[in-house]
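Each chain is listed here by its residues.
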Amino acid sequence: MAAIDWRFVRNVLLKALLLFAVLNLLFALGNPLPWIGRISGYNILFPGRLRLPYGDDPAQSYNLTLTQMDAMFASHEIGAASDDEFRVFLLGDSAIWGFLQPAEGTLTEQLNRLGLTAADGRPVRFYNFGYPTMSWLKDVLLLERAMGFEPDLILWFVTLESGTEIKQLDAPLLQYNATAARALIERYELDQDSADERLIDLTFWEQTIVGQRKLLADLIRHQVYGALWEATGVDQYLPDSYTERMEDLPADNTFQDLGPEDWRDDGYAFDVLSAGFAIAGEIPVVLINEPMFISTGENSDIRYNFYYPRWVYDDYRSALNDQCMDEGWSCVDIWDLLPGEVFTDSAIHYTPEGARMIAEDLLPWIEPYIQSVR
Amino acid sequence: MTLFQLAVMASAAFLFGRLMGTEYRRWGLFGASVVILFWLQPATPLRYADFWLPVLLLLIAVLCWVVARKEAPWKRGEDRLTLAVLFAFIAALGLPRLLHISWQLTASRPPAMTSILAALTITALLVLLLPRLGSARAKNTALTFLLLGTFLTLKTEFLATIAAGLARRLTGQSFNLAAPADLNWIGFSYISFRLLHTLRDSLSGRLPDMSLRDTVTYIFFFPAVLAGPIDRAERFLGDLQRSEVLKPEEVLEGGRRIALGVFKKYILASLLGLISLQPQLLGQVDSALWLWLLVYAYAFQLFLDFSGYTDVAVGMGMLTGIQMPENFNQPYRQVNLTAFWNSWHITLSQWFRAYFFNPVTRSLRRKRSVPAWGIILIGQAGTMILIGLWHGVSWNFLIWGGWHAFGLFVHNRWTAFRRSHNLDFLPKPESAMSRLFGILLTFHFVSMGWLWFALESPQLAWETLLRMVGM
């Protein structure tokens with residue numbers, strides 16, 4: 001072997017540095033993240049997840065919160081869906097995702113347990129596209145992506161907390177998918193500012209391998225957790241105890257820091273709902289005002305629960321109803337369906353038993369759609 | 001160790017390597033090792049622990065050096081200078097508090113200057129008085145017991161809690177809130193074994209004549225301060241005194257080892273750590289197959305984490321011109337348990353062999369009343385149980401040590417039996433089939449042993465073992 005001199009060492013270091021710089025440059029220019037996100041062992045090595053990846057405590061839930069949509073959808077069970085089925089997609093917030101519910105206890109799985117069959121003989125299969133942040137625009141972002149998987153029916157669960165104009169861009173999923181969020185705002189002329197500072201634009205350096213190292217590491221971890229998902233069937237840490245939803249409420253008449261006198265009639269983001277219906281196109285959408293906890297404790301004459309003073313929620317229900325009538329949308333209002341004891345840590349989170357009750361109640365609303373296909 | 005700390009240390013190592021052949025290199029390595037000792041020590045709930053724990057280690061190292069020396073410690077100018085530099089540095093660490101400077105090397109604010117000066121004065125008095133007090137053997141033994149006692153205290157939960165409580169009293173904190181984590185003493189397990197090595201070898205006359213500066217550099221050599229390898233002083237000194245300039249090949253190989261270590265420890269081991277043995281996970285997994293996979297993941301996580309760290313340490317050592325001993329040599333590819341222990345945490349095994357197994361078996365052989373197999377049994381069982389307890393004084397580590405002692409004894413007896421009996425119907429030991437069988441058997445025996453090592457109670461480990469075999 002030829003003797004190595006310091007010049008050789010210097011050249012090795014320089015070449016390594018150059019290669020590192022070029023790779024980072026190409027990564028930033030080429031943005032291979034969507035392609036990388038689609039590389040997945042889910043639905044191949046291990047089963048797809050029953051709900052989109054989300055985890056507050058990855059070490060205990062074997063799940064982590066991702067904002068990379070390609071990876072999120074690649075790990076969902078929809079990737080292995082049969083062609084010969086009637087697909088129903090559920091959209092909504094953490095209540096639909098199934099916070100504090102095991103993967104097999106969510107509303108989606110309760111609906112699947114009904115074992116429905118469409119009129120043309122296809123089995124009806126429900127898919128969970130709920131995601132734990134409260135914004136209708138976040139639902140629309142997910143719906144736009146989910147449409148690629150050809151649903152036959154969409155059940156969109158909404159509540160007021162997700163539906164105010166000022167809250168729409170609060171969801172990190174939207175903020176980290178700023179290009180897609182802006183495209184929605186502009187295409188459907190939504191009453192949102194596409195230059196809003198909450199939308200995160202990465203600098204050139206943040207788009208390099210070094211800048212994206214945390215996301216890249218998360219994508220790898222997400223794949224490793226797939227093995228534990230298969231081994232345990234666990235995708236959320238379920239504590240033995242938690243702080244229960246508030247029964248006694250503060251004597252506070254405000255909603256999102258606004259009193260009745262400050263509230264504007266155009267404070268609801270109904271334009272976002274319209275965008276969702278436009279994206280669904282010919283596919284029927286059933287808009288469902290989701291159940292919430294109704295307190296009977298202290299100050300329950302002022303507020304329904306932690307989220308809502310009575311004045312604003314009553315106004316919202318009325319406005320939503322008017323909107324449905326005006327637009328000809330199919331709407332279901334089951335706001336007071338569930339008894340208080342099935343709610344868990346918040347006014348919108350319920351137990352698997354609560355989910356079962358909702359599934360049974362919705363059946364008459366779903367059946368016309370699945371019986372009308374030929 | 002964070003990647004930033006690693007990068008800083010690797011850069012320092014490269015810098016000092018380039019100074020090879022000059023006196024600056026040895027002073028540089030001494031200074032860097034002392035500074036990095038304080039830099040790596042994290043803060044603990046015990047007030048000033050991040051200052052006093054490294055200081056105590058340094059002062060104990062000075063006393064060990066004094067006791068290990070044959071002549072008075074102040075005779076050589078270089079040693080006087082080293083002591084002055086060390087004391088001045090420790091005193092300077094207290095300046096941020098005295099001068100209200102916001103930056104400090106230690107993780108939290110240092111203690112008051114008066115207490116620092118008091119500690120240095122006591123140490124200085126001991127340095128002056130120790131050569132005049134008692135016999136060398138008595139002082140050596142006293143320091144050996146001090147180190148072993150401290151080691152035992154730190155490794156025993158109950159004793160560590162009591163010690164932390166007493167330390168809390170000194171700092172005006174609540175005794176009741178004491179916990180072993182208060183005494184999170186960075187690198188103590190390894191540093192104390194290097195100190196014990198210098199003490200024992202000075203008694204037997206094997207320890208070379210080392211200056212205080214070189215002794216401190218050896219004990220606290222920054223690439224190896226956190227988790228070894230446990231080098232031998234005479235070998236280390238040879239490399240430290242090397243005058244030949246660093247070769248480009250050494251720099252490239254050092255860099256390669258660091259890169260390999262980072263990949264193994266920070267990527268592969270971290271990922272395997274997500275799916276390896278955890279009590280919560282064990283309760284959620286139903287199938288025996290998955291249990292086996294979790295155990296395999298743990299086995300490789302542990303190996304990649306520790307050997308990755310060793311790669312980084314050896315690589316950094318190479319950059320400074322010091323070739324540290326290897327700690328691993330493909331341990332999971334060994335054909336029997338004896339070979340495994342010759343290739344897993346090699347420097348620790350060699351330490352116990354030198355200071356426990358060899359003296360014990362020599363002593364038993366002299367008695368003649370103990371049969372050969374009994375000598376092996378006592379020697380191996382004692383060694384493996386001590387290696388187990390080195391990780392922590394608990395039933396789990398005791399059983400883990402016993403598990404390996406049992407395995408080593410069975411292998412020893414089997415080898416002797418095979419030699420003395422005609423077993424031609426079995427494949428030859430060197431045949432491919434025998435080797436493959438040996439590798440698989442050894443790997444699975446070691447992997448099942450990790451259950452005792454990793455899980456929090458012997459009962460859980462036993463239940464898991466039963467579930468793994470379908471019971």
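Cut-offs used in this document
- Residues numbered from 1 in each chain as written.
- Chains lettered and ligands numbered in written order.
- Predicted model: local features only at pLDDT ≥ 70, side-chain atom pairs only at ≥ 80, totals over all residues.
- Helix = DSSP H or I, 4+ residues; strand = E, 2+ residues; numbered from the N terminus.
- Rg over C-alpha atoms; globule rule 2.2 N^0.38 Å.
- Buried ≥ 20, exposed ≤ 12 C-beta atoms within 10 Å, placed from the backbone.
- Contact = placed C-beta atoms within 7 Å.
- Axes fitted to C-alpha atoms, helices over the stretch in contact; angles between N-to-C directions.
- Parallel < 35°, antiparallel > 145°, perpendicular 65-115°, else oblique.
- Left-handed = near helix turned anticlockwise from the far one by under 90°.
- Nonpolar A, V, L, I, M, F, W, Y, C, P; charged D, E, K, R; others polar.
- Core = buried A, V, L, I, M, F, W, Y, C linked by C-beta atoms within 7 Å.
- Domains from an automatic or database assignment.
- Expected span 1.5 Å × (residues − 1).
- Arc of directions from axis to C-beta.
- Pairing = 2+ DSSP bridges.
- pLDDT = per-residue confidence, 0-100.

> So what exactly am I meant to see when it comes to the overall build of chain A here?
Across its full length, chain A holds 13 helices and five strands. Taking 374 residues into account, the globule formula puts the C-alpha radius of gyration at 21 Å, and chain A, at 23 Å, falls close to it. Each principal axis of the C-alpha atoms in chain A carries an extent, and together these give about 85 × 55 × 45 Å. Taken across its 374 residues, chain A has 40% of its residues classed as buried. Expressed as a percentage of contacts within chain A between residues at least 6 apart in sequence, the contacts between residues at least 24 apart total 81%.

> Honestly, the packing of helix 19 (residues 432-454) of chain B against helix 20 (residues 458-468) of chain B in this entry has me stumped. Any pointers?
When two helices pack together, their arrangement is given by the angle between the helix axes and the distance between those axes. Residue and element names in this part refer to chain B. Contact geometry for helix 19 and helix 20: axes closest at 8 Å, N-to-C directions at 150°. With respect to each other, helix 19 and helix 20 are oriented roughly antiparallel. Here helix 19 and helix 20 pass one another in a crossing that is right-handed. Taking contact as the criterion, the partners of M448, L451 and W452 in helix 19 are, on helix 20, P458, A461, T464 and L465. Of the residues assigned to the contact of helix 19 with helix 20, the class counts are six nonpolar, one polar and no charged.

> So what exactly am I meant to see when it comes to the interface of chain B and chain A here?
Many authors give the size of an interface as the accessible area that is lost as the parts come together. In this assembly, 12 residues from chain B lie in contact with 16 residues from chain A. Elements with a minimum of two residues in the side of chain B that touches chain A: helix 12 (248-274) and helix 13 (279-284) of chain B. A per-element tally of the side of chain B that touches chain A places helix 12 of chain B first, with six residues.

> Is there a simple way to think about the nonpolar core in this case?
One recurring pattern in soluble globular proteins is that nonpolar side chains are buried together. Within the largest apolar cluster, 118 residues are counted, with the highest numbers of intra-cluster contacts made by B:A61, B:V62, B:C64, B:F220 and B:W450. Apart from residues lying up to four places away in sequence, B:A61 is in contact with B:L195, B:T215, B:V216 and B:I219.

> Where do I start with the domain arrangement of chain B in this structure?
Residue and element names in this part refer to chain B. According to the domain assignment, chain B consists of domain 1 (22-240), domain 2 (248-328) and domain 3 (333-468). One C-alpha centre belongs to domain 1, the other to domain 3; they are set 34 Å apart. Counting residues at the interface gives 10 residues for domain 1, matched by eight residues for domain 3. Of all elements in the fold, only helix 7 (136-155) and helix 9 (188-204) reach the threshold of two or more residues within the side of domain 1 that touches domain 3. Counting residues per element, the side of domain 1 that touches domain 3 draws most heavily on helix 9, at four residues. Among the residues forming the side of domain 1 that touches domain 3, the class breakdown is four nonpolar, four polar and two charged.

> Can you help me understand helix 4 (residues 77-93) of chain B in this one?
Residues lying three or four places apart along an α-helix face the same way, a consequence of the helix completing one turn every 3.6 residues. Residue and element names in this part refer to chain B. Under the 1.5 Å per step criterion, the end-to-end length of helix 4 is 24 Å for 17 residues, consistent within 8% with the ideal 24 Å. Within helix 4, the full set of buried residues consists of D79, T82, L83, L86, F87, I90 and L93. Summarising the axial view, the buried residues of helix 4 lie within an arc of 125°, below the 170-degree limit, and thus occupy one face. Pointing more than 90 degrees away from the buried face of helix 4 are the exposed residues G77, A84 and A88. Tucked into the core, helix 4 has its buried residues touching helix 2 (23-40), helix 3 (49-68), helix 6 (113-129) and helix 10 (212-219).

> Would you mind showing me how to read the sheet that holds strand 4 (residues 285-289) of chain A here?
Backbone-to-backbone hydrogen bonds pair the strands of a sheet. The strands run either parallel or antiparallel. Residue and element names in this part refer to chain A. In space, the five strands of this open sheet follow the order 2-1-3-4-5, with parallel pairing throughout. Strand pairing shows two members of the sheet lacking a second neighbour, strand 2 (124-128) and strand 5 (330-333), which therefore form its edges. In this sheet, adjacent strand axes meet at a mean angle of 20° when their direction is disregarded. Where strand 4 and strand 5 come together, four bridges link them in parallel fashion. Bridge assignment links I288 to a residue of strand 5, and that residue is V332. Where helix 7 (residues 136-146) meets the sheet, its contacts fall on strand 1 (86-91) and strand 3 (153-158), and the angle it forms with strand 1 comes to roughly 155°.

> What is the right way to read the packing of helix 18 (residues 395-420) of chain B against helix 19 of chain B from this model?
All names here are of chain B. Taken N-terminus to C-terminus, the directions of helix 18 and helix 19 make an angle of 160°; their axes are 8 Å apart at the nearest point. It follows from the interaxial angle that helix 18 and helix 19 lie roughly antiparallel. Of the two elements, helix 18 crosses helix 19, and the hand of that crossing is right-handed. Mapping the contact onto sequence places N396, I399, W400, W403, H404 and G407 in helix 18 and F445, G449, W452 and F453 in helix 19. Residue composition of the contact of helix 18 with helix 19, grouped by class: six nonpolar, four polar and no charged.

> How should the pairing of strand 2 of chain A be read in this particular structure?
Residue and element names in this part refer to chain A. Among the five residues of strand 2, four are classified as buried, and the element is accordingly described as predominantly covered. Taken together, the five bridges between strand 1 and strand 2 define a ladder with parallel strand orientation. Looking at the pairing, L90 lines up with N128 of strand 2.

> Is there a simple way to explain the confidence of the model for chain B in this structure?
A low pLDDT score tells you not to read the predicted coordinates there in detail. All names here are of chain B. Mean pLDDT over chain B: 93, with 100% of residues reaching 70 or higher. The secondary-structure element of chain B with the lowest mean pLDDT is helix 13, recorded at 89, while helix 15 (residues 337-341) shows the highest, at 97. Overall fold confidence (pTM) sits at 0.89, and the ipTM for the predicted complex is 0.84.

> In this structure, what is going on with the environment of B:F437? I would like to understand it.
By the element assignment, B:F437 lies in helix 19. The sequence separation of B:F437 and B:V335 amounts to 102 residues, and the corresponding C-alpha distance is 7.7 Å.

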